[in-house]
Amino acid sequence: MSQLKIYNTLAREKQVFVPMEAGKVGMYVCGMTVYDYCHVGHARMMMAFDVIYRWLMASGYDVKYVRNITDIDDKIIKRAVENGETLSSLVTRFTHYMDEDTQALGILPPNVVPRATEYVPQMLSIIEKLEEKGLAYKSEDGDVNYAVRGFDGYGKLSGKSLDDLRAGERVDVNTGKRDPLDFVLWKAAKESEPAEAKWDSKWGRGRPGWHIECSAMSCATLGERFDIHGGGQDLQFPHHENEIAQSEGAFGGPMVNYWIHNGFVRVDNEKMSKSLGNFFTIRDVLKKYDAEVVRFFILRAHYRSPLNYSDVHIDDAKGALTRLYTALADFDLGDASPEVDWNEEHAVRLREAMDDDFNTPLAVAELFDLASEANRTKSIATARQLKALAGVLGLLQRAPQDYLRGGVGSEAGEGGLDEARIAGLIAERAAAKKARNFADADRIRTELTAAGIILEDKPDGTTNWRRA
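Position numbers for residues count from 1 along each chain, tracking the sequence in the order it is written. Residue-level local features of this predicted model are given only where pLDDT is at least 70; pairs of side-chain atoms are given and counted only at 80 or more, and the full residue set underlies all totals for whole chains, interfaces and linings. Only heavy atoms go into the side-chain values, all of them from the structure, while hydrogens and water stay out.

**Quick word on the overall build of the protein chain**
Within the protein chain, the secondary structure is distributed over 16 helices and 15 strands. Burial statistics for the protein chain: of 468 residues in total, 53% are counted as buried. Long-range contacts, defined as pairs at least 24 residues apart, comprise 73% of the intrachain contacts of the protein chain with a sequence gap of at least 6. Using a 1.4 Å probe, the Shrake-Rupley method yields the accessible areas, and only the shown protein chains count as cover for residues. Working note: accessible area of the protein chain is about 20900 Å², and carbon and sulfur atoms make up 48% of it. Only DSSP runs of H or I covering at least 4 residues are called helices, and only runs of E covering at least 2 are called strands; the numbering of each starts at the N terminus. The buried label goes to any residue with under 20% of its type's maximum accessible area, the exposed label to any with over 50%, and the partly exposed label to all in between, with areas taken from a 1.4 Å probe on protein chains only. In what follows, residue pairs with any heavy atoms lying within 4.5 Å of each other are defined as contacts.

What follows is the structure in structure tokens.
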């Protein structure tokens with residue numbers, strides 16, 4: 001039986017996964033800053049850790065999965081003030097939209113969803129520990145900063161020395177810092193900011209910096225040391241580097257055993273981001289594509305690889321997912337989810353793929369092999385195994401006809417033909433063919449094709465149809 005190996009960013013190599021407590025896993029993932037709609041880059045991150053979460057559970061682990069919500073931040077304050085609304089109302093609204101998007105994409109909810117504002121006392125406690133150890137200081141402008149040069153391990157996650165980082169990559173330089181690399185732990189309150197963005201502290205009224213939020217939430221929910229910490233590649237530096245400095249500086253031991261980072265989504269060879277203006281929100285994409293197609297598109301790439309976003313690539317994913325559902329369409333599998341036979345050869349190979357740093361492209365290849373076998377042998381056992389294995393990845397769990405006949409634009413009111421109208425036209429075509437009125441039969445087929453309806457004709461008639 002294969003052993004799970006994970007690419008550990010900190011070690012820069014794949015390592016056999018050994019949890020701190022046998023049979024249990026603690027995993028913390030940096031979640032959304034909720035002031036706007038989530039884009040495809042966010043979907044890629046949440047999908048990567050959804051698959052990791054699913055595979056850990058399929059491997060028999062009891063997983064405590066924590067994904068936070070950042071609900072206090074410069075961008076949140078700015079947007080709320082611009083909108084003339086409270087921070088809590090802005091955050092509540094966009095958290096709801098995020099939950100709608102993730103549910104549509106089949107992303108399982110984490111076990112724990114901490115909000116930063118619920119953990120301010122824990123943040124203040126960590127900052128106080130850092131101050132006691134000489135790793136935090138209050139500057140002239142009232143901010144409390146972390147003294148980076150006091151922490152020997154700074155740079156070990158990003159692989160950069162302090163001298164390499166001296167240019168201040170993604171680090172604001174202000175006159176209140178002793179060193180340009182020092183970062184803020186506690187921001188002094190500003191008169192212009194709303195009251196709900198201010199808390200009392202021994203250093204004066206203010207609010208937490210971004211980095212300290214995750215150190216406090218991960219420690220409070222999983223302990224001072226835990227198994228897995230994840231997030232997007234863009235968080236490796238400075239956010240995760242700073243988390244390590246804070247947590248290990250305060251508590252004196254290793255923070256995380258395995259660091260996991262997913263790759264970027266790219267558009268025209270540039271990272272998808274709001275700052276570049278080349279992003280697509282999840283809900284805009286779902287207006288055009290079935291949510292499972294988007295999920296399948298993301299899963300076809302390895303989580304650490306760049307994911308190239310384009311309509312062409314999603315259209316290709318749609319065709320591929322359709323082939324998998326078509327392989328199940330002629331079988332009556334019932335409503336119950338079949339159990340995986342882990343001794344079957346495709347399941348063995350899928351396990352080997354997923355145990356090799358969650359290699360979803362190879363796992364998906366096994367699904368296609370099973371689909372080909374189901375088409376060839378017409379074996380219901382093979383069809384059940386296909387559905388069961390796909391379920392491990394959150395795929396193929398709908399009735400095949402629901403997928404093949406559904407999708408975006410399938411409602412008559414959206415310019416498509418509804419199922420009753422399609423059934424009527426198919427019946428008219430069958431009657432025309434029986435009457436040897438082939439011109440009418442061809443006309444009806446052409447009308448259906450123009451509406452994106454593909455008929456499956458067999459010797460005993462039109463047995464099935466699907467949307468293109």
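**Some remarks on the sheet that holds strand β8 (residues 206–208)**
Pairs of strands are assigned from DSSP output, requiring at least two bridges between the strands. Judged by pairing direction, the sheet is antiparallel, and its four strands sit side by side in the order β5-β6-β7-β8 without closing on themselves. At either end of the open sheet lies a strand with only one pairing partner, and these are β5 (136–138) and β8. Within this sheet the neighbouring strands show an average axis-to-axis angle of 25°, counted without direction. Where strand β6 (residues 144–146) and strand β7 (residues 183–188) come together, three bridges link them in antiparallel fashion. Paired with Tyr 146 across the strands is Phe 183, a residue of β7. Axis definition: a line fitted to C-alpha atoms, limited for helices to the stretch in contact. Angles are taken between N-to-C directions and run from 0 to 180 degrees.

**A word on the pairing of strand β3 (residues 24–29)**
For β3, the tally of buried residues reaches five of six residues, placing the bulk of the element in the interior. Here β3 runs beside strand β4 (residues 62–67); their pairing, made up of six bridges, is parallel. What sits directly across from Val 25, in β4, is Val 63. The handedness of a crossover follows from its direction of travel: if, with the strands pointing away from the viewer, the path from the first strand over the helix to the second runs clockwise, the crossover is right-handed. With helix α1 (residues 40–58) bridging β3 and its parallel neighbour β4, the resulting β-α-β unit is right-handed. Where β3 lies against strand β9 (residues 226–232), three bridges are found, and the strand directions are parallel. Across the sheet, Val 29 pairs through a bridge with Gly 230, a residue of β9.

**Some thoughts on helix α10 (residues 311–328)**
For α10, with 18 residues, the first-to-last C-alpha span of 26 Å sits near the 26 Å given by 1.5 Å per residue. Inspection of α10 places Ile 314, Ala 317, Ala 320, Leu 321, Thr 322, Leu 324, Tyr 325, Ala 327 and Leu 328 among the buried residues, and these make up the whole buried set. The span you would expect from a helix comes to 1.5 Å times its residue count less one.

**Details of unusual backbone geometry**
A cis amide bond links Phe 237 to the next residue, Pro 238, at an omega of 5°. Residue placement: Pro 238 occurs in helix α7 (residues 236–251). Its identity as a non-glycine residue notwithstanding, Phe 358 has a phi of 55°, on the positive side. Residue position: Phe 358 is located in the loop between α11 (345–355) and α12 (360–377).

**Focus on the sheet that holds strand β12 (residues 270–271)**
Strands belonging to one sheet form pairs held by backbone hydrogen bonds; the direction of such a pair is parallel or antiparallel. The three strands lie next to each other as β12-β11-β13, forming an open sheet whose pairing is mixed. Bordering the open sheet on either side are β12 and β13 (307–308), each of which pairs with just one other strand. Bridge count for strand β11 (residues 265–267) against β12 is two bridges, and the pairing is antiparallel. The residue bridging Arg 266 from the neighbouring strand is Lys 271, located in β12.

**Some thoughts on the packing of helix α2 (residues 74–83) against helix α3 (residues 87–104)**
Packing of α2 against α3 brings their axes to within 9 Å, and their N-to-C directions diverge by 105°. Compared by their axis directions, α2 and α3 come out roughly perpendicular. Contact residues: α2 offers Ile 76, Ile 77, Arg 79, Ala 80 and Asn 83, while α3 offers Leu 87, Leu 90, Val 91 and Arg 93. Class assignment for the residues of the contact of α2 with α3 results in six nonpolar, one polar and two charged. Here the word oblique covers every angle except those under 35 degrees (roughly parallel), over 145 (roughly antiparallel) and from 65 to 115 (roughly perpendicular). Each residue gets one of three labels, nonpolar for Ala, Val, Leu, Ile, Met, Phe, Trp, Tyr, Cys and Pro, charged for Asp, Glu, Lys and Arg, and polar for the others, Gly among them.

**Describing the packing of helix α4 (residues 120–132) against α7**
Running from N to C, α4 and α7 point in directions that differ by 70°, and their axes come no closer than 9 Å. It follows that α4 is roughly perpendicular to α7 by the angle criterion. In this structure, α4 crosses over α7, and the sense of that crossing is left-handed. Two secondary-structure elements touch here, α4 through Ile 126, Lys 129 and Leu 130 and α7 through Gln 246, Gly 249, Ala 250 and Phe 251. Split into classes, the residues belonging to the contact of α4 with α7 amount to four nonpolar, two polar and one charged. The handedness criterion is simple: a crossing whose near helix is rotated anticlockwise from the far helix by less than a right angle is left-handed, and one whose near helix is rotated clockwise is right-handed.

**Here we look at the UniProt feature "binding site: Zn(2+)" (unreviewed entry) in the protein chain**
Under the UniProt annotation, the feature "binding site: Zn(2+)" (unreviewed entry) is placed at Cys 30, Cys 214, His 239 and Glu 243. Spanning 214 residues, the named residues form one tight spatial group whose C-alpha atoms are at most 11.0 Å apart. Take Cys 30: it is sitting in the loop between β3 and α1. Note on Cys 30: relative accessible area 5%, which makes it buried. The contacts of Cys 30, once residues within four sequence positions are left out, are Met 45, Arg 67, Asn 68, Cys 214, His 229, Gly 230, Leu 235, His 239, His 240 and Glu 243. Apart from residues lying up to four places away in sequence, Cys 214 is in contact with Tyr 28, Cys 30, Asn 68, His 239 and Glu 243. UniProt positions are given in the numbering used here, feature names are shortened, and annotations may be inferred rather than shown by experiment.

**Describing the packing of aromatic side chains**
Pairing of aromatic rings covers Phe, Tyr and Trp, the last counted by its six-membered ring, and requires centre-to-centre distances within 6.5 Å; plane angles under 30 degrees mean stacked, over 60 mean edge-to-face, and any other angle means tilted. Under the criterion given, the structure shown has 14 aromatic pairs. Between Tyr 325 and Tyr 403, the aromatic rings sit 4.4 Å apart at their centres with planes inclined by 15°, giving stacked as the arrangement. Taken together, the residues Tyr 325 in helix α10 and Tyr 403 in helix α14 (residues 400–404) connect sequence positions 78 residues apart. An aromatic cluster of three or more residues is present, and its members are Phe 17, Tyr 61 and Tyr 258. Lying over the aromatic face of Tyr 137, Arg 178 brings its terminal NZ or CZ to 3.9 Å of the ring centre. Whether a charge sits over a ring depends on NZ of Lys or CZ of Arg being within 6 Å of the ring centre and within 35 degrees of the ring normal.

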